[in-house]
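# Geometric and topological summary
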Amino acid sequence: MLIRRRSQHIPSVLAKVAHLSYGLLIVAALPVVNRAQPTSKPIPSIEKTGESIRLLVDGSPYLMLGGQVHNSDTANADDLNKALDVLASWHSNTAEVPIYWEAIEPKQGEFDFSSVDLAIQAARKRELHLVLLWFGTWKNGESHYVPEWVKRDKQKYVRMQGPRREETEIISPLCRAAMEADSHAFAALLQHVKSVDQADRTVLTVQVENEPGALGTDRDYSEAANRQFGGAVPKELLAFLGSHHQELSSPMAKIWNKSPKSGNWKQVFGELAPEAFSAWLVSNYINTVATAGKQEYPLPMYVNVWLIEGVERPGRWPSGGATVNVLDVWKAAAPAIDILAPDIYYPKFYDVAAQYTRPDNPLFVPETNFNPYFVGFAYATFGYFNGIGFSPFGIDDVEKGGAAAAIGAEFEDTYRVLRPLLPLIARYQYTGKLHPILQGLANGEDWKQSIRVGDRLAANIDFTAAFDPAKGRACGMIIELAPDDFIVMGTGFDVIFRETEGPLRDAQLISIEEGTFQRDQWIRSRRLNGDERHVSLPERSTVLRVRVAR
Ligand code: DGJ
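A brief look at the structure comes next. (Residues numbered from 1 in each chain as written. Predicted model: local features only at pLDDT ≥ 70, side-chain atom pairs only at ≥ 80, totals over all residues. Heavy atoms only, no water.)

## Some details on the overall build of the protein
Along the protein, the regular secondary structure elements total 16 helices and 26 strands. Its C-alpha atoms give the protein principal-axis dimensions of about 80 × 60 × 45 Å. Going through the 550 residues of the protein one by one, you find that 58% of them count as buried. Long-range contacts, defined here as pairs at least 24 residues apart, represent 74% of the contacts in the protein between residues at least 6 apart. For the protein, the accessible area works out to roughly 22,500 Å², and carbon and sulfur atoms hold 50% of it. Separation between the mean location of the 58 positive side-chain charges and that of the 66 negative ones in the protein comes to 3 Å. (Helix = DSSP H or I, 4+ residues; strand = E, 2+ residues; numbered from the N terminus. Buried < 20%, exposed > 50% of the residue type's maximum accessible area, 1.4 Å probe, protein only. Contact = heavy atoms within 4.5 Å. Areas by Shrake-Rupley, 256 points an atom, 1.4 Å probe, with all protein chains shown as cover. Lys, Arg positive; Asp, Glu negative; His and termini not counted. Charge placed at Lys NZ, Arg CZ, Asp CG, Glu CD.)

Next comes the structure, spelled out in structure tokens:
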């Protein structure tokens, strides 16, 4: 057990706060071997060049093919190890693991990083990368992961009030003491991660809070909050929205285009006012927390989003989270947050993914349904939206066996073929040469799909079995390596390549090979000819390389 005093590392955003002079004690049980020697591996980063936004790991574009463990797994080594075994068995490359504020700072100023070390060790053992999920002030629009000393001190750590002035259990985003305490703990966490991981770079990114915002009320109705709500909308926000008016999300654009460009929240944002107000407060708070962490160790950081549900009102979802209504408020207030990431549990995956794919925001899906219907969206995330990560939630359900194990098998089947091709797919993003295939997407695509590929070909796809959402579905991708050279991967469909110019005929097949990629090299496992001379993707996912005559 290592115990040492922490004296120098109060992040500078907080250093100015006079009363922040905790004599911090760091307790790291079972420390990860400190390999904090100077490293040649660059820190993971987000790179924006022209149109493209990429996650760079070891200097190369990286796609996270992940899974998220259940909320309480980090509290038990066995649970966490078993969950990560599941991911390793799927050929996943990244595990999303929660870190609880209440666990790392049980007494104010005394830190215990054993849960962090546990996660890092468990990931390294399986050659997985990690996304750490900071369950701090907010978790699903509530505040249940704050330490006991925060829970008990309601005077200092002020709660939000609901519309009838009733007290909630949710920390108010106006509570400076809570923001400082959270920032302090988060900075200590990042400092620790740096100390044990800057050589290995196991940790790729950190989620700051979890589905933040307020559940059960559309905003804080405390006196202080009411005063701010009745006051003028901050100039910085107005200036940001004004200068980005052409790129605003559609609900915000609708409001902005007809609203006065100054005034109080109600006057400027109309029906969106409570949610926009909440978003401004929550995103400012989280930006402070993230900045404190980045000053210690500047990993990419993101915030996940509980999405708008149907025609309901904010408060049914955590009001103040980065929903499509107020995504631009977040962009204005939280530059330390690199990505706003939707938790997509809805079948309308494409609609949501499109809202969160913007020149200032790459798509990262940190949570999606652990359900066969959603497996194929991995292809859509990487192939259609140029996304950087995809991850079902609660993957250790497979341990229950039965139906859950069968679902796990569906994810394993897709992940097994995708994993070795991720570097190739990352390279082909933003080129228009990735063509995801997904059965049952909209009207008529239950049976067939037709995609223009190469410079003069149609790829006509016939799905082998009828669409049944409960059983998963055919899915895959065509990658154009060259106009006459294609990777066709996935399960449950046949492809006929037809010429789109000259005589009406099928393209002449030169060769069909089954195989995979290893370090950018095509590794053939067999050549298909004779009775097997078809571009046919069987029930078990497969990767084919198809060459046609030009
Ligand atoms: C979304 C949250 O972000 C997760 O932590 C978990 O609570 C899931 N919902 C459960 O569906």
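So much for the structure itself; the text now carries on.
## With respect to the sheet that holds strand S22 (residues 493–499)
Reading across from one edge, S18-S19-S22-S25 is the order of the four strands in this open sheet, with antiparallel pairing throughout. On the outer flanks of this sheet lie strand S18 (448–453) and strand S25 (535–537), each paired with one strand and no other. Looking at each pair of strands side by side, their axes are set apart by 25° on average, direction ignored. Strand direction decides the pairing type here: S18 and strand S19 (residues 457–463), joined by six bridges, are antiparallel. By the bridge assignment, Lys448 is partnered in S19 with Asp462. (Pairing = 2+ DSSP bridges. Axes fitted to C-alpha atoms, helices over the stretch in contact; angles between N-to-C directions.)

## Some remarks on the site of the ligand
As a matter of local geometry, the ligand sits amid Asn71, Lys139, Asn140, Asn210, Glu211, Asn304, Asp343, Tyr345, Glu367 and Phe393. Here an oxygen atom of the ligand and a side-chain polar atom of Lys139 are 3.0 Å apart. Here Asn140 contributes a side-chain N or O atom positioned 3.1 Å from an oxygen atom of the ligand. Protein burial of the ligand: of its 290 Å² of free accessible surface, 76% is covered by the chains. (Near = heavy atom within 4 Å. Polar contact = N/O pair within 3.5 Å; in protein donor to acceptor, adjacent residues only side chain to side chain.)

## Details of empty space enclosed by the protein
If you walk through the whole model with that rule in mind, you get two cavities of 30 Å³ or more. Within this model, the largest cavity holds a volume of roughly 50 Å³. What lines the largest cavity is simply Ile46, Leu55, Met64, Thr205, Pro300, Met301, Tyr302, Ile339, Phe364 and Ile388. In this structure, the second largest cavity spans a volume of roughly 30 Å³. Lining the second largest cavity are Pro420, Pro423, Leu424, Phe517, Arg519 and Asp520. (1 Å grid on protein atoms, 1.4 Å probe; cavity = no way out; pocket = protein on both sides within 12 Å on 5 of 7 lines; lining within 4 Å. Points joined across faces, edges and corners; volume = space filled by probe spheres on them.)

## A word on the side chain of Arg201
One can find Arg201 in the loop between helix H6 (176–197) and strand S12 (203–210). We note that Arg201 is buried and unpaired, the nearest opposite charge coming from Asp58 at a distance of 6.4 Å. At a separation of 3.4 Å, a polar atom in the side chain of Arg201 contacts the main-chain carbonyl oxygen of Pro42. There is a polar contact of 3.3 Å between the side chain of Arg201 and the backbone oxygen of Gln198. (Salt bridge = Lys/Arg side-chain N within 4 Å of Asp/Glu carboxyl O.)

## What to know about the sheet that holds strand S23 (residues 509–518)
Within the open sheet, the six strands sit side by side as S17-S20-S21-S26-S23-S24. Their pairing is antiparallel. Single-partner strands in this sheet number two, and they are strand S17 (434–438) and strand S24 (521–528). Across the sheet, the axes of successive neighbouring strands diverge by a mean angle of 30°, strand direction being ignored. In this sheet, strand S21 (residues 485–491) lies alongside strand S20 (residues 475–482) in antiparallel orientation, the contact comprising seven bridges. Bridging from a neighbouring strand, Glu480 pairs with Phe486 of S21.

## Section: the nonpolar core
Membership of the largest hydrophobic core comes to 135 residues, with the highest contact counts inside it found for Leu84, Leu189, Trp265, Phe269, Ile479 and Met489. Not counting residues up to four positions away in its chain, the partners in contact with Phe269 are Val233, Leu237, Leu241, Met252, Ile255 and Ala276. Judged by nonpolar contacts, the second largest core, of 23 residues, contains Phe463, Phe486, Phe493 and Ile512. (Core = buried A, V, L, I, M, F, W, Y, C linked by side-chain atoms within 4.5 Å.)

## Quick word on the layout of surface pockets
In this structure, the largest pocket encloses a volume near 650 Å³. Residue lining of the largest pocket: 23 residues in total, with Tyr62, Asn93, His129, Arg419 and Pro423 positioned closest to the centre. Breaking the lining of the largest pocket down by element, the ones donating at least two residues are strand S5 (60–61), helix H16 (402–428) and S23. In terms of residue count, the dominant contributor to the lining of the largest pocket is H16 (six residues). Across the lining of the largest pocket, the residue classes break down as 10 nonpolar, six polar and seven charged. Put simply, the second largest pocket is a space of about 550 Å³. (Nonpolar A, V, L, I, M, F, W, Y, C, P; charged D, E, K, R; others polar.)

## Looking at helix H2 (residues 77–90)
For H2, built from 14 residues, the straight-helix expectation of 20 Å at 1.5 Å per residue is met to within 8% by its first-to-last C-alpha distance of 20 Å. Along H2, the residues classified as buried are Leu80, Ala83, Leu84, Val86, Leu87 and Trp90. Around the axis of H2, the buried residues are gathered within 145° of arc, so they sit on the same side. Along its buried surface, H2 packs onto strand S6 (64–68), strand S7 (94–100), helix H4 (114–125), strand S16 (389–392) and H16. A side-chain oxygen of the first residue of H2 lies 2.9 Å from the backbone nitrogen of Asp78; this N-cap is Asn76. His91 occupies a position one or two residues after H2 and carries a positive phi of about 70°. (Expected span 1.5 Å × (residues − 1). Arc of directions from axis to C-beta.)

## Structural notes on unusual backbone geometry
Leaving glycine out, the prevailing phi sign among residues is negative, and the prevailing peptide bond configuration is trans. The phi torsion at Glu127 lies on the positive side, around 55°, for a residue other than glycine. As for its position among the elements, Glu127 is in the loop between H4 and strand S9 (129–139). Accessibility expressed as a relative area gives 68% for Glu127, which makes it exposed. A positive phi angle, close to 65°, is found at Tyr430, a residue other than glycine. Relative to the helices and strands, Tyr430 resides in the loop between H16 and S17.

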